[in-house]
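Examination of the molecular architecture
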Amino acid sequence: MRQPLVAGNWKMNGSRDSIKALMSGINAGLSSSDRAQVVVCPPFVYLDAVAGMIKGTKIAIGAQNVSHESAGAFTGEISVSMLQDFGARYVIVGHSERRALYGESDATVAHKFTATLLGGMVPILCVGELLEERESGKTEEVVARQLDAIVTHASIKGFEAAVVAYEPVWAIGTGKTATPEQAQEVHAFIRQRLAKHSSTIAEKVQILYGGSVNAGNAEQIFSMADVDGGLVGGASLKAADFLAICRAAN
Ligand code: 13P
């Protein structure tokens, strides 16, 4: 039985004050008997503050990005060991915004994935197709390419300690959610693709859905057989909405 997981990707949002309010709302609404693992992914500069706010709770911290280098002359970059120093356990790698806006290729993402694992952290690998790719019937081809790049670089064993997030790019921040059936179809495909290398690992890996998840649609999406939770953007910035999504995953 896979443990459900809900991760809030705050992207480039928040301030010291808003984060304090958000975290106290989230802390107040979660119970220690909840089944789902809850992860919050603040911007780097707020990691320390959030680490102080999750002490004694079951919430884990994730980063939104990482360098594949371990240290040195890489201005503006943050290493895996720095993230660990601040108590982070997860790292989002290959988010479509990083692929599209910052030119991260499958190879870059694979390097980051491996560096995260080698440093003892858990990568949340994002995969997903653009609207025109879906419309031209290329969804599986794109997702397969993105997964295969990681398997080639990190081997299937990399997925023993990783999470996958299926985030159709057309559903991110658009209010257009994939239907539960559309999500299930791709999640099942991801599992099958990994099962070609190891059915045990494919069966165990948590696959999250991301793209306009909200308090109203989470339960239906999470009820699908191969959907193990969500990677939530906009709705993770409001405590009540995020809590409702976490409850839907329990
Ligand atoms: P939204 O939930 O705002 O669509 O964002 C999804 C996402 O990109 C999470 O990583």
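Right, let's walk through the structure included here. (Residues numbered from 1 in each chain as written. Predicted model: local features only at pLDDT ≥ 70, side-chain atom pairs only at ≥ 80, totals over all residues. Heavy atoms only, no water.)

From N to C terminus, the protein chain includes 11 helices and eight strands. The C-alpha radius of gyration of the protein chain comes to 17 Å, within 12% of the 18 Å expected for a compact globule of 250 residues. For the protein chain, the C-alpha atoms occupy an extent of roughly 45 × 45 × 35 Å along the three principal directions. Across the 250 residues of the protein chain, 54% fall into the buried class. (Helix = DSSP H or I, 4+ residues; strand = E, 2+ residues; numbered from the N terminus. Rg over C-alpha atoms; globule rule 2.2 N^0.38 Å. Buried < 20%, exposed > 50% of the residue type's maximum accessible area, 1.4 Å probe, protein only.)

If you check the shell around the ligand, you find 13 residues, and the closest are K11, H95, G173, S212 and G234. In this structure, K11 approaches the ligand through a side-chain N or O atom, which is 2.8 Å from an oxygen atom. At 2.9 Å, a side-chain N or O of E167 approaches an oxygen atom of the ligand. Considering the ligand on its own, with 310 Å² of exposed area, one finds that the protein chains cover 95% of that surface. (Near = heavy atom within 4 Å. Polar contact = N/O pair within 3.5 Å; in protein donor to acceptor, adjacent residues only side chain to side chain. Areas by Shrake-Rupley, 256 points an atom, 1.4 Å probe, with all protein chains shown as cover.)

Another aspect to go through is the sheet that holds strand β2 (residues 37-41). Spatially, eight strands are ordered β1-β2-β3-β4-β5-β6-β7-β8 in a closed barrel, and the strand pairing comes out parallel. The average angle at which neighbouring strand axes cross in this sheet is 25°, direction not considered. Here helix α5 (residues 106-118) sits on the sheet in contact with β4 (88-93) and β5 (122-127), set at roughly 160° to β5. (Pairing = 2+ DSSP bridges. Axes fitted to C-alpha atoms, helices over the stretch in contact; angles between N-to-C directions. Contact = heavy atoms within 4.5 Å.)

Mapped onto the fold, Y166 is located in strand β6 (residues 163-166). Here Y166 falls in the buried class, since its relative accessible area comes to 0%. For the pair formed by Y166 and G94, sequence separation is 72 residues and the distance between their alpha carbons is 11 Å. A polar contact is formed between the side chain of Y166 and the side chain of R134, at a distance of 3.2 Å.

What follows is about the nonpolar core. Burial of nonpolar side chains together is a common tendency in soluble globular proteins. Counting 68 residues, the largest nonpolar core has F159 and I190 as its most contacted members. Discounting chain neighbours no more than four positions away, the residues touching I190 are V127, V143, L147, V164, Y166 and I207. (Core = buried A, V, L, I, M, F, W, Y, C linked by side-chain atoms within 4.5 Å.)

Time to look at the packing of aromatic side chains. Counted according to the given criterion, the structure contains two aromatic pairs. With a centroid separation of 5.4 Å and 40° between ring planes, the pair formed by F113 and F159 is classed as tilted. Placement of the pair is F113 in helix α5 and F159 in the loop between α7 (139-154) and β6, with a sequence separation of 46 residues. (Phe/Tyr/Trp six-rings, centres within 6.5 Å; stacked < 30°, edge-to-face > 60°.)

On to the pairing of β6. Alternating residues of β6 divide into V163 and A165 and V164 and Y166, and every residue in both groups is buried. Note that β5 and β6 share four bridges and pair parallel. Residue pairing for β6: V127 is matched across the bridge by Y166.

The residue Q206 is located in strand β7 (residues 206-210) in this model. A distance of 2.7 Å separates a polar atom in the side chain of Q206 from the backbone oxygen of Q3. Those residues in contact with Q206, other than ones at most four positions away along the chain, are R2, Q3, P4, L5, V163, V164 and D228.

Bringing the pairing of β5 into the picture now. Most of β5 sits out of view: six of its six residues are buried. Because side chains alternate across β5, one face comprises the buried residues V122, I124 and C126, and the other comprises P123, L125 and V127, equally buried. The pairing of β4 with β5 spans four bridges and is classified as parallel. Of the residues in β5, the one forming a bridge with I92 is I124.

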